[in-house]
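Topology and contacts: notes
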Amino acid sequence: LNSLLFSFVLLHSHCIVCIDWMDIATALEGCDVDPAVISALERAGISTVEDVLMQSIPELVSVTHLRTTTIVEFVCTLSVSLCPVPKRACDLLGEEGMDGMQLGWGDEGLDDALGKLRGGHLIDLSGESSAGKSQLCMQLCLSVQRKVSEGGMHGRAAYICTEAPFSQKRWDQLSESVSKRYPDLDGVDVGEGVLKTEVNTIPEFWNIINSLLPAIMDSRNVRLVVIDSIAALFRTDYTQEDVPSRSSALFTVARALKCIADKYNAVVISVNQVSDHVVRESMMQRRVIPALGLSWSSCVNDRFLVRRLTQRSTHFVQKPDEIVRQVAVVTSSYSASVHSNFYVDNDGCHCIDNKGD
């Protein structure tokens, strides 16, 4: 409830920094507010708009001894008074000149269908094994090296492997077709544009995101960070009894990755696994959900789900363009719930069609 309210408040107040000096009485001038609420806030030492909006609902209830419903109504009234006409978050970012850089998928069809990835975002890329997650990530490692005018970010990629080693064989295969598919990268040593490392434990991972990444973001012009995968670490090192500890650790990781993405205007992609979601009413229909639960889901800015639509055949060899895969927008702060089918061949990932839900 509090997170939803805070989002509501931010959408109604153009920029909280601009009104933090305003006292509550001035902000609520002309509004029908119970004087007892104002008195309770004053007794608690809360006198400015900033004092109200920068505290959670439970905190305000605790210090004022008012009912939760009363505080919720007051906060909503205050935010509407500050800005009667709500605005979308992306509109506010545009007004502040914070649109940032965007990273294309390395395929015009995918860009048209899904939209480009936004700099400053932590992105979750979920899917089953062999769905095509790593294929998309490797293509993004090429795309980030392209010029900004070509949908790239003219920078390098950092690829952190936690599950399986980086597939150098597949990367060499993609590199051979670079000049054909991306003429602007002809003559560029794309292998130098990807910094690779492997981690096997959470302490090693902490060292990477707290020390190594901040050190190379500027010095090596890194604009894309891929963690393949986040679930491999946090699924194995924590038991069912450690769920609260794992949630706390995930929040800390997300905070660090978001700070890196925001500070360096970079795209941070966290590859995630999926779990089976059994629904009693539809036992015959298989459904999967991203791993790591609501804790991680609440941390990411955008989430994409990758699926393999074509079933494997044991009777004949399937051609690459006969194996249809799909990448779908699950949650996004800038894109609608759309999806696009694609296939993977020696040159990379190619859009088949553009479809929206």
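An account of the accompanying structure is given in this report. Chains are numbered independently. Their residues run from 1 in the order of the written sequence. Residues qualify for local features only when their pLDDT is at least 70, as the model is predicted, and side-chain atom pairs are given and counted only at 80 or more; totals for whole chains, interfaces and linings, by contrast, use all residues. Think of the side-chain values as coming from all heavy atoms in the structure, minus any hydrogens and water.

Some words on the packing of helix H12 (residues 202–219) against helix H14 (residues 243–263)
Keep this limit in mind: Comment: axis = line fitted to C-alpha atoms, over the contacting stretch for helices; angle = value between 0 and 180 degrees taken between N-to-C directions. Strands here are runs of E lasting at least two residues and helices are runs of H or I lasting at least four, both read from the DSSP assignment and numbered beginning at the N terminus. Roughly parallel covers angles under 35 degrees, roughly antiparallel covers those over 145, roughly perpendicular covers 65 to 115, and oblique covers all other angles. Note on contacts: a residue pair qualifies if any of its non-hydrogen atoms lie within 4.5 Å across the two residues. Residue type decides the class: Asp, Glu, Lys and Arg count as charged, Ala, Val, Leu, Ile, Met, Phe, Trp, Tyr, Cys and Pro as nonpolar, and the leftover types, Gly among them, as polar.
Direction vectors running N to C along H12 and H14 enclose 5°, while the axes themselves pass 11 Å from each other. Taken as axis vectors, H12 and H14 run roughly parallel relative to one another. Across the interface between the two elements, Phe205, Trp206, Ile209, Asn210, Leu213, Pro214 and Met217 from H12 touch Ala249, Thr252, Val253, Ala256, Leu257 and Ile260 from H14. Looking at the contact of H12 with H14 residue by residue, the classes come out as 11 nonpolar, two polar and no charged.

A few points about the environment of Gly132
You can see Gly132 is positioned in the loop between strand E3 (122–127) and helix H9 (133–143). For the pair formed by Gly132 and Arg307, sequence separation is 175 residues and the distance between their alpha carbons is 7.5 Å. Apart from the residues lying within four places of it in its own chain, the contact partners of Gly132 are Val306 and Arg325.

Points about the packing of aromatic side chains
We apply this condition: Here a pair means two rings of Phe, Tyr or Trp (six-membered ring of Trp) with centres within 6.5 Å. Their orientation is stacked below 30 degrees between planes, edge-to-face above 60, and tilted elsewhere. Three labels apply to residues, based on accessible area from a 1.4 Å probe with only protein chains included: buried if under 20% of the type maximum, exposed if over 50%, partly exposed otherwise in between.
According to the stated counting rule, one finds three aromatic pairs in the structure shown. Judged by centre distance (5.2 Å) and plane angle (80°), the rings of Trp105 and Phe304 are edge-to-face. Taken together, the residues Trp105 in the loop between strand E1 (102–103) and helix H8 (108–114) and Phe304 in strand E10 (residues 302–308) connect sequence positions 199 residues apart. Take Trp105 and Phe304: they sit in the same class, and that class is buried. Taken together, Tyr159, Phe166 and Trp171 form an aromatic cluster joined through their ring pairs.

Brief notes about helix H10 (residues 168–176)
Note the threshold: Within this analysis, the arc is defined by the directions that extend from the helix axis to the C-beta atoms.
The set of residues buried in H10 consists of Arg170, Trp171 and Leu174. Within H10, the buried residues cover an arc of 100° as seen down the axis, which keeps them to one side. What points out from H10, more than 90 degrees from its buried face, is the exposed set Lys169 and Glu176.

Quick notes on the environment of Leu41
When you line up the elements, Leu41 lands in helix H3 (residues 35–43). By relative accessible area, Leu41 is classed as buried at 1%. The spacing of Leu41 and Val61 is 20 residues in sequence and 9.9 Å in space, taken between C-alpha atoms. Leave out the neighbours within four places in its chain, and Leu41 touches Ile24, Ile46, Thr64 and Phe74.

Details of the pairing of strand E7 (residues 267–272)
Put simply, the test is: Should DSSP find at least two bridges between two strands, the strands are taken to pair.
With six of six residues buried, E7 is to be regarded as a mostly interior element. Neither face of E7 is exposed, since Val267, Ile269 and Val271 on one face and Val268, Ser270 and Asn272 on the opposite face are all buried. Note that E3 and E7 share five bridges and pair parallel. Within the sheet, the bridge partner assigned to Leu122 lies in E7 and is Val268. Direction of pairing for strand E6 (residues 222–228) relative to E7: parallel, over a ladder of five bridges. Pairing of Asp228 across the sheet is with Val271, part of E7.

Topic: H12
To keep it simple, the criterion reads: Every helix has an expected span of 1.5 Å times one less than the residues it contains. One axis is fitted to the seven residues ending at the residue and one to the seven starting there. The bend at that residue is the angle between these axes.
For H12, built from 18 residues, the straight-helix expectation of 26 Å at 1.5 Å per residue is met to within 8% by its first-to-last C-alpha distance of 25 Å. In the structure, H12 departs most strongly from a straight axis at Leu212, where the bend amounts to approximately 40° and where the proline Pro214 lies between one and four residues downstream. Taken together, the buried positions of H12 are occupied by Ile202, Phe205, Ile208, Ile209, Leu213, Ile216 and Met217. In this structure, the buried residues of H12 make contact with strand E4 (156–161), strand E5 (194–198), E6, helix H13 (231–234) and H14. Directly beyond the C-terminal end of H12, a positive phi value near 55° is found at Asn221.

Let's talk about the nonpolar core
So the rule is basically this: Residue types Ala, Val, Leu, Ile, Met, Phe, Trp, Tyr and Cys, when buried and joined through side-chain atoms within 4.5 Å, form a set referred to as a nonpolar core.
If you look at the biggest cluster of nonpolar residues, it comprises 43 residues, and the most contacted ones within it are Leu117 and Leu224. For this core, the leading source of residues is H9, giving six residues. Residues in contact with Leu117, not counting those within four places in the same chain, are Met101, Gln102, Leu103, Trp105, Ile123, Leu140, Val267, Ile269, Phe304 and Tyr334. Among the nonpolar cores identified, the runner-up in size contains 35 residues, and Leu122, Ile160, Val199 and Ile202 belong to it.

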